[in-house]
Structures are given as C-alpha cells and as structure tokens.
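Fold and geometry: a report
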Amino acid sequence: MRRANIVYWYGLSEMPRDGGGLRALAWHKALNDLGYEASIHALRSTEPQAAKQSRLRNFKKRVIPMPLQGRLPNLPAADLNVITVPSVFASAGRSLNQSTLLFDWMDLWSVNARTMAQSSRSLRPGGLAQSLWWRRLESRLPVKAAGNAFAGHQDFLSLSRSRRVPSAWLPTPVEWPESIVPRPSKRPRRIGFLGNMNYPPNVMSLKQFLSTYADRLGLMGMELVVAGYGSEVVKSWTSQVTVLGAVGDVAAFYSAVDAVIVPINHGGGIKVKALEAMVYGVPIYGTEHVRSGFDPSFWKYIGDVYDLMNDDHRNLEVAPLRAMHSRFSESSFTEGVGDLLRRSGFKLS
C-alpha cells in the first residue's frame with residue numbers, strides 16, 4: 001500500500017475541530033479513501049516543555065503575527081507528503097524529493113500578516129515586514145512541490161496563474177446536516193458567531209465588530225451569541241454578549257440562531273464558519289474578505305454586515321443544495337484531491 005504523510009500543527013488524537021483541524025482531517029480521510037495509508041504528523045507537542053515554548057510564542061505574537069521559519073521534522077518514508085504549514089514549506093522543499101511533495105495553502109501568510117498588522121499598532125512593523133517577506137516566498141515556493149492545493153479561491157487565483165505545476169481550489173469540506181431548519185423572512189433577532197477564539201484573527205475581527213456595532217445591537221433588539229473554542233474570553237469584554245463556550249453539536253447552534261455574522265477582515269483562506277452556516281441554510285452576513293474565499297458564484301449568498309446592522313436589510317437567497325454539495329462535501333473534496341494527485345504525477349489505486 002502507498003503511504004502518505006500529512007504535516008499539520010497537531011496530531012490526530014489532539015486535533016481541534018476548527019477550520020485548520022477540519023481540513024487536516026479531510027486530507028486524512030480523502031487519502032485513505034484514495035488508497036493511501038495516511039498518517040498525520042504534528043509540529044507542536046503537548047508535553048510540558050511545549051507549554052513553556054507556548055509562552056514564548058505568545059510573547060512573539062505581540063510583535064510578529066505569523067510563525068517564523070521552521071524545520072520539517074523527520075518523517076517516515078512515504079510516496080506522498082502533504083505539507084499544510086507554510087513555515088516548513090521551504091524546509092520540506094530542501095529535504096524531500098519534489099515528486100513526493102504537495103503543498104496545501106490553507107491561507108496566504110502574506111495576507112494574514114498584512115491584515116493583522118493593519119489592526120494592531122504593536123504588530124504593525126513586524127507584520128508589514130513579514131507580509132513582504134512572505135509575498136516573496138509565495139512567489140517562489142509553489143514550484144518546489146509537485147502540486148499545490150488552495151483553501152481560498154482568491155489565494156488560488158493569486159498563486160496558480162502561470163505556474164508550471166498543477167494546482168486546484170479545494171475548499172474545506174464541512175459536515176452535512178441531516179435536515180435544514182427554515183429561517184424567518186423578517187430581520188434576524190438572534191445572530192451567532194461561531195469560531196476558535198484562540199485564533200488571533202477571530203479575536204481581532206470580533207472586537208472590531210463589537211467596537212463598531214455593540215450599541216447598535218441593543219438599539220435594534222438583537223442578541224449576539226458567541227460560541228467556539230476559547231470563547232469564554234468574550235465574557236471579560238465590556239459588550240453585552242451571550243457566550244456559549246465550545247460547542248459539541250454545531251447543528252444545535254445553527255438551529256438556535258436566525259443568522260450568523262462572519263465579520264472577518266484578518267487571516268486568509270476560506271472561512272469554515274461561513275461554509276457551515278451556508279450548508280445549514282442560515283443567512284450569512286460577512287465582509288469582502290470573507291467572500292474572497294469563495295468562487296464568485298457563491299458571493300450572492302453572503303450578505304454584508306453593514307446591511308444587517310443598518311436599515312438596508314434584505315432577505316438573502318439560500319445557496320442551492322446541489323451546488324453546495326458539488327463544492328463543499330467530503331465526497332467532492334476527495335474527488336478534487338484525487339484529480340490533483342493524478343495531474344501532479346501521483347499514482348492512485
């Protein structure tokens with residue numbers, strides 16, 4: 001049997017079910033379904049020494065938003081190596097045969113560094129420098145692999161043009177609901193935000209939204225419900241928000257809200273929180289940054305946060321299930337992976 005290594009921040013047993021974690025798990029399932037014996041290799045450890053290193057990382061994040069260049073750990077011999085963390089792309093290109101390499105760009109770190117720098121005075125010098133550095137690397141790294149996958153559609157367009165290696169837009173698949181709850185046609189009153197609040201771009205974006213619209217929420221009689229890993233931190237903010245903490249059943253969360261907000265202006269790739277809401281038939285109000293992760297044919301299903309919070313509210317069209325399934329299901333992800341592997345010279349069973 002052919003073997004495949006998947007390199008991500010966390011291992012299979014400790015994988016968080018957030019955007020990046022769900023994507024790593026999707027790779028694991030897809031490769032196993034395609035006839036590979038796939039294993040996930042972690043870049044970070046949960047040992048006590050790692051806790052000390054984590055404190056150092058937290059200090060670094062106050063002045064530099066993105067990780068620094070790292071070294072790829074020793075991996076067992078494999079026919080395919082899927083590297084999902086840009087900090088070790090260069091190391092992988094030096095230490096592994098190009099014919100075995102596939103880079104998965106969950107997001108572009110040049111974009112992450114720039115957008116985070118624009119929102120934090122302490123991050124501005126380091127973030128803008130990192131953005132320029134990563135833009136340079138992103139112009140060179142794709143040709144170091146046999147193929148490249150992209151979570152975000154705009155990222156795919158940015159780095160796949162005029163490349164000599166195959167590439168594909170492979171949006172992260174999400175869990176498919178057993179049923180869809182009809183939504184009221186009137187203005188939403190209970191709006192939700194579901195995200196990993198241990199991820200700085202989510203914290204920055206939600207804080208920015210609340211600084212702009214917290215008073216408006218009260219005046220309009222809207223309740224904001226925040227849930228996800230680390231969301232308890234929102235309780236310490238001054239805004240009136242209902243905090244649920246980590247959610248084990250996303251279906252229950254989406255059935256309990258009238259709409260979701262995805263006011264994200266930081267980070268990159270595709271926003272899984274927007275994808276999940278879309279497949280559950282929940283109206284989504286986001287930003288241009290959020291829409292850029294999708295193919296333009298899906299933009300009309302994502303309203304503008306500004307419209308929701310002002311008097312220009314309009315009912316949003318719900319994306320057709322067939323179109324959603326063809327792009328965002330596990331089967332479509334596996335099919336896309338198989339096609340990319342074939343075009344990149346990898347053999348399938």
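To be clear, the structure that these remarks concern was listed above.
Residues numbered from 1 in each chain as written. Predicted model: local features only at pLDDT ≥ 70, side-chain atom pairs only at ≥ 80, totals over all residues. Heavy atoms only, no water.

Structural notes on the overall build of the protein
A tally of helices and strands in the protein yields 13 helices and 12 strands. Against the compact-globule benchmark of 20 Å for 349 residues, the protein has a radius of gyration of 20 Å, which places it among compact chains. With the C-alpha coordinates aligned to their principal axes, the bounding extent of the protein is approximately 60 × 45 × 40 Å. Per-residue burial for the protein yields a buried fraction of 56% across its 349 residues. Restricting the contact set of the protein to residue pairs at least 6 apart, pairs at least 24 apart contribute 68%. (Helix = DSSP H or I, 4+ residues; strand = E, 2+ residues; numbered from the N terminus. Rg over C-alpha atoms; globule rule 2.2 N^0.38 Å. Buried < 20%, exposed > 50% of the residue type's maximum accessible area, 1.4 Å probe, protein only. Contact = heavy atoms within 4.5 Å.)

Digging into the pairing of strand β7 (residues 190–194)
Among the five residues of β7, four are classified as buried, and the element is accordingly described as predominantly covered. Of the strand pairs in this sheet, β7 and strand β8 (residues 223–227) are connected by five bridges, and their pairing is parallel. Looking across to β8, one finds that F193 is bridged to V226. Note on the crossover from β7 through helix α7 (residues 200–219) to β8: the handedness is right-handed. (Pairing = 2+ DSSP bridges. Right-handed = clockwise from strand over helix to strand, strands pointing away.)

With respect to the pattern of salt bridges
Here the structure, examined in full by the defined rule, presents eight salt bridges. We note a salt bridge from R343 to D339, for which the minimum N-O separation is 3.1 Å. Of this pair, R343 and D339 both sit in helix α13 (residues 330–343), four residues apart, roughly one helical turn. The exposure class assigned to R343 is partly exposed, which follows from its relative accessible area of 39%. By sharing partners, the salt bridges in this structure join K29, D33 and E330 into a single network. (Salt bridge = Lys/Arg side-chain N within 4 Å of Asp/Glu carboxyl O.)

Remarks on the sheet that holds strand β2 (residues 36–42)
Backbone hydrogen bonds hold the strands of a sheet together, and the pairing may be parallel or antiparallel. Strand order in this open sheet of six strands is β2-β1-β3-β4-β5-β6, and the pairing throughout is parallel. Each edge of the sheet is formed by a strand with only one pairing partner; in this case those strands are β2 and β6 (167–169). Here the strands of the sheet are splayed against their neighbours by 20 degrees on average, with no regard to which way each runs. Note: strand β1 (residues 2–8) against β2, seven bridges, orientation parallel. Among the inter-strand pairings, I6 is bridged to a residue of β2, identified as I40. The strands that helix α6 (residues 153–160) touches are β4 (101–105), β5 (147–150) and β6; relative to β6, the one it contacts most, it runs at about 160 degrees. (Axes fitted to C-alpha atoms, helices over the stretch in contact; angles between N-to-C directions.)

Digging into the sheet that holds strand β9 (residues 242–245)
Strand order across the open sheet formed by six strands is β9-β8-β7-β10-β11-β12, with parallel pairing between neighbours. Each edge of the open sheet is held by one strand with a lone partner, namely β9 and β12 (302–304). Adjacent strand axes in the sheet meet at a mean angle of 30 degrees, parallel and antiparallel pairs treated alike. Strand contacts of α7: β7, β8 and β10 (259–261), with the helix running at about 165 degrees to β8, the strand carrying the most contacts.

Comments concerning the packing of aromatic side chains
Overall, the coordinates contain 14 aromatic pairs when judged by the stated rule. Taking 6.1 Å as the distance between ring centres and 65 degrees as the angle between the ring planes, the aromatic pair formed by Y8 and Y10 counts as edge-to-face. Considering the side-chain rings of W109 and W134, the 5.1 Å spacing of their centres and the 75 degrees angle between planes classify their relative orientation as edge-to-face. With a gap of 25 residues between them, W109 in helix α4 (residues 109–117) and W134 in helix α5 (residues 124–138) connect regions that are remote in the sequence. A relative accessible area of 6% means that W109 is categorised as buried. The exposure class assigned to W134 is buried, which follows from its relative accessible area of 1%. Among the aromatic residues, those joined into a cluster by ring pairs are F89, F103, W105, F150 and F156. Seen from the ring of W9, R44 lies directly overhead, with NZ or CZ sitting 4.0 Å from the centre. (Phe/Tyr/Trp six-rings, centres within 6.5 Å; stacked < 30°, edge-to-face > 60°. Lys NZ or Arg CZ within 6 Å of the ring centre and 35° of its normal.)

What to know about helix α9 (residues 272–279)
Because an α-helix completes one turn every 3.6 residues, residues spaced three or four positions apart along the sequence face the same direction. Taking burial as the measure, the eight residues of α9 include eight buried ones, the bulk of the element. Listed in full, the buried residues belonging to α9 are V272, K273, A274, L275, E276, A277, M278 and V279.

Focus: the pairing of β9
Of the two faces of β9, only one is covered, namely that formed by V243 and G245; the face formed by T242 and L244 stays uncovered. Of the pairings in the sheet, the one linking β8 to β9 comprises three bridges and is parallel in character. For A227, the partnering residue across the bridge sits in β9 and is G245.

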